[in-house]
Amino acid sequence: MPVTRFIWPVAILLLCTGAARAAEPFAERVAPCLACHGEKGASENEGVPSLGGQQAPYVLIQLFMFRENQRASPFKKDDQMIEIMTEMAKAFTDDDLRTFSDFIAKLPAPKPVEDATDAARIAKGQALAHQHRCNFCHNTDFSGRETVPRIAAQREDFIVKSLREYKSNTRKGYEATMADVMTGLQDTDILDLAYYIARFR
């Protein structure tokens, strides 16, 4: 199901309920998160990342940035995901940030894409990951650590989108490492890296 068809009903729900959601039980508050990102940690929605097994400190920082409207960018004025997440997080307290990030970190990690893999693309993606030290910052198993995200078995389309945004300097982060890494990468490299990481076992 295309992301725009699925997410806008959730966005409307969030916009209508606003800060009143803060008084709801946690299970009800987290339900919209799971509806978009997957109840079992793996997203089935185009352009929406899987969050299962994500590093809690990384999630906390991302939620904080959404709450403070720091993920918005003048280069991405119509990014629906940023609008939705900013609206959802704006009523979060600091305790909420910790509760949600801890919960997300305990969801099961997503499973890699299962298909007839292209061995040549896997080899190229693996070589690029080593060359650009993806397996250093994100760990050898791409599970991430502390404020560095888990990327193993992430949605391929989301990886491509994120890397392209780092490449074009339109994705706002809290440090410049990724922008530096992306300097020497071509779009074909981005596609092969995403292919490899989405299928990493």
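Quantities reported herein were computed from a predicted structural model and do not represent experimental measurements.

**What about the overall build of the chain?**
A tally of regular secondary structure across the chain gives ten helices and zero strands. The helix and strand sequence of the chain, counted from the amino end, reads α-α-α-α-α-α-α-α-α-α. Looking at the chain residue by residue over its 201 residues, the buried ones come to 47%. Contacts spanning at least 24 positions in sequence make up 72% of the contacts within the chain whose residues lie at least 6 apart. Accessible surface computed for the chain: about 10,600 Å², of which carbon and sulfur atoms make up 56%.

**Observations concerning the nonpolar core**
If you look at the biggest cluster of nonpolar residues, it comprises 19 residues, and the most contacted ones within it are Ala-129, Phe-142, Leu-163, Met-182, Leu-193, Tyr-196 and Ile-197. Mapped onto this core, the elements with two or more residues apiece are α6 (119–131), α8 (156–168) and α10 (187–198). Ranked by residue count, the leading element in this core is α10, at five residues. Apart from the residues within four sequence positions on either side, Leu-163 is in contact with Met-178, Met-182, Ile-190 and Leu-193.

**Focus: α10**
With twelve residues, α10 should reach 16 Å at 1.5 Å per residue; the first-to-last C-alpha distance of 16 Å fits that figure. Most of α10 is tucked away: nine of the twelve residues are buried. Asp-189, Ile-190, Asp-192, Leu-193, Ala-194, Tyr-195, Tyr-196, Ile-197 and Ala-198 are the residues of α10 that are buried. Of the surrounding secondary structure, the elements contacted by the buried residues of α10 are α6, α7 (134–137) and α8.

**A look at the pattern of salt bridges**
One pass over the full model with this rule turns up 15 salt bridges. For Lys-90, the salt bridge goes to Glu-87, with nearest N and O atoms at 3.1 Å. Within the structure, one salt-bridge network assembled from shared partners comprises Asp-79, Lys-161, Glu-165 and Arg-171.

**Remarks on the confidence of the model for the chain**
Across the chain, pLDDT averages 88, with 85% of residues at or above 70. Counting interchain partners and residues more than four positions distant, the pLDDT-below-50 stretch residues 1–19 has 28 contacts.

**Considerations on the packing of helix α2 (residues 26–37) against helix α5 (residues 94–105)**
Between two packed helices, what matters for the description is the angle formed by their axes and the separation of those axes. At a minimum axis distance of 12 Å, the contact between α2 and α5 shows a crossing angle of 60°. When the interaxial angle is binned, α2 and α5 end up oblique. You can see that α2 and α5 cross each other, and the crossing is right-handed. Across from Phe-26, Arg-29, Val-30, Cys-33 and Leu-34 in α2, the residues of α5 making contact are Asp-96, Thr-99, Phe-100 and Phe-103. Residues belonging to the contact of α2 with α5 are distributed by class as follows: six nonpolar, one polar and two charged.

What counts and how
- Residues numbered from 1 in each chain as written.
- Predicted model: local features only at pLDDT ≥ 70, side-chain atom pairs only at ≥ 80, totals over all residues.
- Heavy atoms only, no water.
- Helix = DSSP H or I, 4+ residues; strand = E, 2+ residues; numbered from the N terminus.
- Buried < 20%, exposed > 50% of the residue type's maximum accessible area, 1.4 Å probe, protein only.
- Contact = heavy atoms within 4.5 Å.
- Areas by Shrake-Rupley, 256 points an atom, 1.4 Å probe, with all protein chains shown as cover.
- Core = buried A, V, L, I, M, F, W, Y, C linked by side-chain atoms within 4.5 Å.
- Expected span 1.5 Å × (residues − 1).
- Salt bridge = Lys/Arg side-chain N within 4 Å of Asp/Glu carboxyl O.
- pLDDT = per-residue confidence, 0-100.
- Axes fitted to C-alpha atoms, helices over the stretch in contact; angles between N-to-C directions.
- Parallel < 35°, antiparallel > 145°, perpendicular 65-115°, else oblique.
- Left-handed = near helix turned anticlockwise from the far one by under 90°.
- Nonpolar A, V, L, I, M, F, W, Y, C, P; charged D, E, K, R; others polar.

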